[in-house]
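Examining the three-dimensional arrangement
Residues per chain, in single letters:
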Amino acid sequence: MPLLSSLLLRGPRLRRASWCLCVALLCIQSATAALDDDLREATRLHHAGQGPAALQRVDAYLAAKPKDAQMRFLKSVILADTGRYRDASAILEQLAQDYPELPEPHNNLAAMRAAEGDWPGARRELEETLRLRPNYAPAHENLGDVYVMLAADSYRRALSAEPASASLPRKLALVRQLATPMVAQAVSPPR
């Protein structure tokens with residue numbers, strides 16, 4: 001019977017159902033357009049160096065739609081870029097809880113952990129990122145960088161435990177050479 005009742009949607013019932021679908025699609029499109037406009041404007045303000053104005057735009061949007069993932073993510077980026085790392089981390093951690101299928105909050109949390117020198121924490125976040133999206137190239141690159149920093153820490157500890165080692169100074173020098181650009185980037189976490 002359900003198949004027959006769906007086939008009987010003709011005439012006024014079909015027009016009413018089509019009209020309801022069109023209205024729903026228009027509402028979704030206008031909501032998406034509003035998000036796109038606000039997101040685009042907040043991003044423009046942020047890139048123009050107008051962090052407070054961008055944050056104000058984001059906060060106004062989030063007051064009406066506090067669960068919006070894209071806008072919350074942008075807020076975390078703006079906060080991180082203005083040095084408010086704790087606030088940015090808190091938003092990213094909440095995003096990761098609210099939307100466990102998204103890899104981006106974990107990738108950015110890894111950048112925050114790396115900026116703090118918490119290499120094991122950064123590794124855990126990147127491993128979660130890659131569990132969620134195995135082919136996410138930036139996370140693979142970031143994880144390689146984190147492994148270099150972990151290796152540097154291990155070689156440093158090994159050298160302090162065995163200062164007469166012949167191989168450890170060479171390994172430590174090589175890892176330091178690789179790590180130098182990463183340490184400079186860790187001062188300002190990537191987006």
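Residues numbered from 1 in each chain as written. Predicted model: local features only at pLDDT ≥ 70, side-chain atom pairs only at ≥ 80, totals over all residues. Heavy atoms only, no water.

1. A few points about the packing of helix H4 (residues 69-81) against helix H6 (residues 104-115)
- Taken N-terminus to C-terminus, the directions of H4 and H6 make an angle of 10°; their axes are 11 Å apart at the nearest point. In terms of orientation, H4 and H6 fall into the roughly parallel class. Only Glu104, Pro105, Asn108 and Met112 of H6 make contact with H4, whose side of the interface consists of Phe73, Val77 and Ala80.
- Its residues placed into classes, the contact of H4 with H6 shows five nonpolar, one polar and one charged. (Axes fitted to C-alpha atoms, helices over the stretch in contact; angles between N-to-C directions. Helix = DSSP H or I, 4+ residues; strand = E, 2+ residues; numbered from the N terminus. Parallel < 35°, antiparallel > 145°, perpendicular 65-115°, else oblique. Contact = heavy atoms within 4.5 Å. Nonpolar A, V, L, I, M, F, W, Y, C, P; charged D, E, K, R; others polar.)

2. What about the nonpolar core?
- Judged by nonpolar contacts, the single largest core of 20 residues is most densely connected at Val58, Met71, Leu74 and Ile78.
- Those elements that provide at least two residues to this core are helix H2 (11-47), helix H3 (51-64), H4, helix H5 (85-98) and H6.
- Top element by residues in this core is H4. It accounts for six residues.
- Setting aside its immediate chain neighbours within four residues, Leu74 contacts Leu39, Ala42, Thr43 and Val58.
- Core analysis: the second largest hydrophobic core is formed by 16 residues, Ala114, Tyr136, Ala139 and Val146 among them. (Core = buried A, V, L, I, M, F, W, Y, C linked by side-chain atoms within 4.5 Å. Buried < 20%, exposed > 50% of the residue type's maximum accessible area, 1.4 Å probe, protein only.)

3. Remarks on H4
- Compared with the 18 Å implied by 1.5 Å per residue over 13 residues, the 18 Å span of H4 between its first and last C-alpha is a close match.
- Buried residues of H4: Ala69, Met71, Arg72, Leu74, Ser76, Val77, Ile78, Leu79 and Ala80, and no others.
- If you check the start of H4, you find a side-chain oxygen 3.3 Å away from the backbone N of Gln70, and it comes from Asp68.
- At the C-terminal side of H4, Gly83 shows a positive phi close to 85°. (Expected span 1.5 Å × (residues − 1). Polar contact = N/O pair within 3.5 Å; in protein donor to acceptor, adjacent residues only side chain to side chain.)

4. Here's the deal with the environment of Ala139
- Of note, Ala139 is situated in helix H8 (residues 137-161).
- The spacing of Ala139 and His106 is 33 residues in sequence and 9.3 Å in space, taken between C-alpha atoms.
- Every residue in contact with Ala139, bar those within four places of it in the chain, is listed here: Asn107, Leu126, Thr129 and Leu130.

5. So, the pattern of salt bridges
- Tallied over the full model, the rule gives twelve salt bridges.
- Between Asp38 and Arg57 there is a salt bridge, with its nearest N and O atoms 2.8 Å apart. Of this pair, Asp38 sits in helix H2 while Arg57 sits in helix H3; the two residues are 19 residues apart in sequence, bridging distant segments of the chain.
- Its relative accessible area of 17% is what places Asp38 among the buried residues.
- Residue class for Arg57 comes out partly exposed when judged on its relative accessible area of 31%.
- The partner of Glu41 in a salt bridge is Arg44, with the nearest N and O atoms 2.7 Å apart. Of this pair, Glu41 and Arg44 both sit in helix H2, three residues apart, roughly one helical turn.
- Using a relative accessible area of 45% as the deciding quantity, one classes Arg44 as partly exposed. (Salt bridge = Lys/Arg side-chain N within 4 Å of Asp/Glu carboxyl O.)

6. Considering H6
- In this model, H6 (twelve residues) spans 17 Å end to end at C-alpha, consistent with the 16 Å of a helix rising 1.5 Å per residue.
- For H6, the complete set of buried residues consists of Pro105, His106, Asn107, Asn108, Leu109, Ala110, Ala111, Met112, Arg113 and Ala114.
- At the C-terminal side of H6, Gly117 shows a positive phi close to 80°.

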